[in-house]
Amino acid sequence: MELRDIEILLTLAQELHFGRTAQRLQLSQARISQSIKGQERRLGALLVDRTNPRNIRLTPLGTQLCADLLPAYRDVRQALDRARSAAGSASTMLRIGIIGGNAHDYRSIWQTFRTRHPEFVLQIRSISFTDPFGPLRRGETDVVIAWLPVEEPDLTVGPTLFTEPMVAAVSQNRELAGVKGRAIQRISTVSNGDNMSKSVLGSDGAIHNVSDHLPRYYRPGVSYLPIADAHLLRWALVWHSESETDQIRALARIVGEFGRPDHR
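Described below are features of the structure shown in this document. Keep in mind that this is a model prediction, so the values were computed, not measured. (Residues numbered from 1 in each chain as written. Predicted model: local features only at pLDDT ≥ 70, side-chain atom pairs only at ≥ 80, totals over all residues. Heavy atoms only, no water.)

A word on the packing of helix H1 (residues 3-15) against helix H3 (residues 29-43). For the pair H1 and H3, interaxial distance at closest approach is 10 Å and the crossing angle is 105°. Relative to H3, the element H1 is oriented roughly perpendicular. Contacts between H1 and H3 involve Arg4, Asp5, Ile8, Leu9 and Leu12 from the first element and Arg31, Ile32, Ser35, Ile36, Gln39 and Arg42 from the second. By residue class, the composition of the contact of H1 with H3 is five nonpolar, two polar and four charged. (Axes fitted to C-alpha atoms, helices over the stretch in contact; angles between N-to-C directions. Helix = DSSP H or I, 4+ residues; strand = E, 2+ residues; numbered from the N terminus. Parallel < 35°, antiparallel > 145°, perpendicular 65-115°, else oblique. Contact = heavy atoms within 4.5 Å. Nonpolar A, V, L, I, M, F, W, Y, C, P; charged D, E, K, R; others polar.)

Next up, the structure:
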């Protein structure tokens, strides 16, 4: 059982509510549920009685497990805190990986973070569309902004930054750019996000579904058509569970605030 899973279980034991637990830990409710189900699967028994979803409670096994884990959990956290202090604390830099070039969209979040936490240094880095989580696992970034769903057992999904529709990118020089409402037949995958403009501009009839923010930033010679029946893309913070830091938690709290209706 990983330290993050223990923290989730102990917090759920206090809140007795999946939604409040997710909000308190700045995680998605799906991540909380996934963690509890994973622990139950490994133990071979239920830890939570879900008979009444609005009023969940721990099973006797869950109550006993929490009582046994709590002292050990506190000892581990205190040991980690002492180790950070002895090392002069971890680096004050928070490295954020972003797919694409829309860092400007998050300027309010960056400014709020810098204002509240001048002791931390914020650094924005570009990451590849084809390997969004590699930098996390290699220790090259501390957190990335990725679209959901993310179902990686070693990664934590934090609060959602924003949602947006998808659009279809086509060449302005092709007949397809003036056609709307026509069904498109998928025949092959011709590109990824890193060479989208080459595939769209260089192929007859090529089409590429992309995020709605792309037209604001680049790709001259490309038209963007709405996709009425496409699902919305949700972008969220993601980080390596075992590498969570005070900087990451501070950023997650701020993103959680901006995700509320009064901040949109």
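All right, on to the packing of aromatic side chains then. To describe a pair of aromatic rings, you give the distance between the ring centres and the angle between the ring planes. Tallying each qualifying case throughout the model produces six aromatic pairs. Geometrically, the ring pair formed by Trp147 and Trp235 is edge-to-face, given 5.4 Å between the ring centres and 90° between the ring planes. Here the residue Trp147 occupies a position in strand S5 (residues 143-147), and Trp235 occupies one in strand S10 (residues 233-240), the gap between them amounting to 88 residues. For Trp235, a relative accessible area of 3% corresponds to the buried category. (Phe/Tyr/Trp six-rings, centres within 6.5 Å; stacked < 30°, edge-to-face > 60°. Buried < 20%, exposed > 50% of the residue type's maximum accessible area, 1.4 Å probe, protein only.)

Another point: the packing of helix H5 (residues 107-116) against helix H8 (residues 246-258). What describes two packed helices is the angle between their axes and the distance between those same axes. Where H5 meets H8, the closest approach of the two axes is 10 Å, and the angle between their N-to-C directions is 130°. It follows that H5 is oblique to H8 by the angle criterion. In the packing of H5 onto H8, the handedness of the crossing is right-handed. Across the interface between the two elements, Ser108, Ile109, Trp110, Thr112, Phe113 and Arg116 from H5 touch Gln247, Ala250, Leu251, Ile254, Val255, Glu257 and Phe258 from H8. Each residue belonging to the contact of H5 with H8 can be placed in one class, and the counts come to eight nonpolar, three polar and two charged. (Left-handed = near helix turned anticlockwise from the far one by under 90°.)

Attention now moves to the sheet that holds S10. Pairing between the strands of a sheet comes from backbone hydrogen bonds, and it takes one of two forms, parallel or antiparallel. If you walk across this open sheet you meet the five strands as S4-S3-S5-S10-S6, and the pairing is mixed. Edge positions in the sheet fall to strand S4 (121-127) and strand S6 (155-164), since each has one partner strand and no second. Neighbour-to-neighbour, the strand axes of this sheet turn through a mean angle of 25°, independent of strand direction. Two elements, S5 and S10, share four bridges in a ladder whose sense is antiparallel. Paired with Ala146 across the strands is Ala236, a residue of S10. Most of the contacts of H5 go to S4, to which it runs at about 150°, and overall it touches strand S3 (93-99), S4, S5 and S6. (Pairing = 2+ DSSP bridges.)

No statement about biological role is implied by the geometric values presented.
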